[in-house]
Amino acid sequence: MDTDQTDDATRFLEERHLAILSTFGARGGIHSVPVGFTVADGLVRIITSDSTQKVRNVERGGEASVAQVDGRRWISFAGTARINRDPDAVARAVELYAGRYRQPRVNPRRVVVEITVVTLMGSSGMVPGPAIERLNP
């Protein structure tokens with residue numbers, strides 16, 4: 001799926017900013033942590049170690065959002081999430097991460113949180129139309 005962001009959003013997503021990943025914890029509360037992420041091929045990708053809380057939350061709940069903020073500019077992606085352990089998928093995610101941030105350290109336990117975007121929200125100029133754009137109502 002195309003995330004349907006604007007050219008301004010594409011440029012914003014090329015800048016080196018961290019974001020906040022939010023998932024649902026075991027007791028239903030929100031678990032939010034800072035992450036690096038990429039958007040390509042219709043997916044939001046976050047690399048992480050296999051036994052982290054975010055991995056357990058995604059496997060249990062299957063939903064996540066990631067939001068990047070810089071001053072008045074912001075963009076948020078929300079949707080269905082899954083953990084991908086396929087070595088080719090992990091290598092692709094590492095390649096994208098290295099292009100946006102830096103080459104990550106070697107981690108044999110690395111996996112990828114993949115979010116298929118259902119909802120895209122953003123500040124003025126980040127999404128077509130109003131400040132909130134639903135991709136799949």
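Residues numbered from 1 in each chain as written. Predicted model: local features only at pLDDT ≥ 70, side-chain atom pairs only at ≥ 80, totals over all residues. Heavy atoms only, no water.

Okay, the overall build of the protein next. Counting secondary structure elements, the protein contains three helices and eight strands. From first element to last, N terminus to C terminus, the protein shows the α and β order α-β-β-β-β-α-β-β-α-β-β. Here the C-alpha atoms of the protein give a radius of gyration of 14 Å, agreeing with the 14 Å that 2.2 N^0.38 yields for 137 residues. Over its C-alpha atoms, taken along the principal directions, the protein stretches across nearly 40 × 35 × 25 Å. Here the protein contributes 18 positively and 16 negatively charged side chains, and the mean placements of these two sets differ by 10 Å. (Helix = DSSP H or I, 4+ residues; strand = E, 2+ residues; numbered from the N terminus. Rg over C-alpha atoms; globule rule 2.2 N^0.38 Å. Lys, Arg positive; Asp, Glu negative; His and termini not counted. Charge placed at Lys NZ, Arg CZ, Asp CG, Glu CD.)

Here we take up the nonpolar core. Phe37, Val44, Ile46, Val66, Ile75, Phe77 and Ile115 are the most contacted members of the largest nonpolar core, which totals 32 residues. It is strand 7 (residues 110-122) that contributes the most residues to this core, six residues altogether. (Core = buried A, V, L, I, M, F, W, Y, C linked by side-chain atoms within 4.5 Å. Buried < 20%, exposed > 50% of the residue type's maximum accessible area, 1.4 Å probe, protein only.)

Time to look at the confidence of the model for the protein. Averaged over every residue, the pLDDT of the protein is 91; residues scoring 70 or more account for 91%. Per-residue pLDDT stays below 50 along residues 133-137; that stretch engages in 20 contacts with residues further than four places along the chain or on separate chains. (pLDDT = per-residue confidence, 0-100. Contact = heavy atoms within 4.5 Å.)

Pairing between side chains of opposite charge can happen when their charged atoms approach one another. Throughout the structure, instances matching the rule amount to nine salt bridges. In this structure, Arg85 engages Asp50 in a salt bridge whose closest nitrogen and oxygen atoms are separated by 2.8 Å. Residue Arg85 is found in the loop between strand 6 (73-84) and helix 3 (87-100), and its partner Asp50 is found in the loop between strand 4 (43-49) and helix 2 (53-61); the two are separated by 35 residues along the sequence. We classify Arg85 as partly exposed; its relative accessible area is 42%. A residue is classified by how much of its surface remains accessible, and Asp50, at 23% relative accessible area, is partly exposed. One continuous salt-bridge network, built from bridges that share partners, spans Asp41, Arg45, Arg92 and Glu95. (Salt bridge = Lys/Arg side-chain N within 4 Å of Asp/Glu carboxyl O.)

Turning next to the pairing of strand 5 (residues 63-70). Sheet analysis places strand 1 (residues 19-24) next to strand 5, joined by four bridges and oriented antiparallel. Residue Ile20 lies in a different strand from strand 5, and its bridge partner there is Ala67. Counted between consecutive antiparallel strands, the loop separating strand 5 from strand 6 contains two residues, among which Gly71 sits at a positive phi close to 60°. (Pairing = 2+ DSSP bridges.)

Attention now moves to helix 2. Those residues of helix 2 not exposed but buried are Lys54, Val55, Asn57 and Val58. Projected down its long axis, helix 2 shows its buried positions confined to an angular sector of 165°, all on one face. For helix 2, the elements touching its buried residues are strand 1, strand 2 (30-35), strand 4, strand 6 and strand 7. (Arc of directions from axis to C-beta.)

As a further point, take the pairing of strand 7. Successive residues of a regular strand alternate their side chains across the two faces of the sheet. Most of strand 7 sits inside the fold, with ten of its 13 residues counted as buried. Bridging between strand 4 and strand 7 involves seven bridges; their strand directions are antiparallel. Looking at the pairing, Thr48 lines up with Val111 of strand 7. Here ten bridges tie strand 6 to strand 7, and the two strands are oriented antiparallel to one another. Opposite Ser76, over in strand 7, you have Met121 as the bridge partner.

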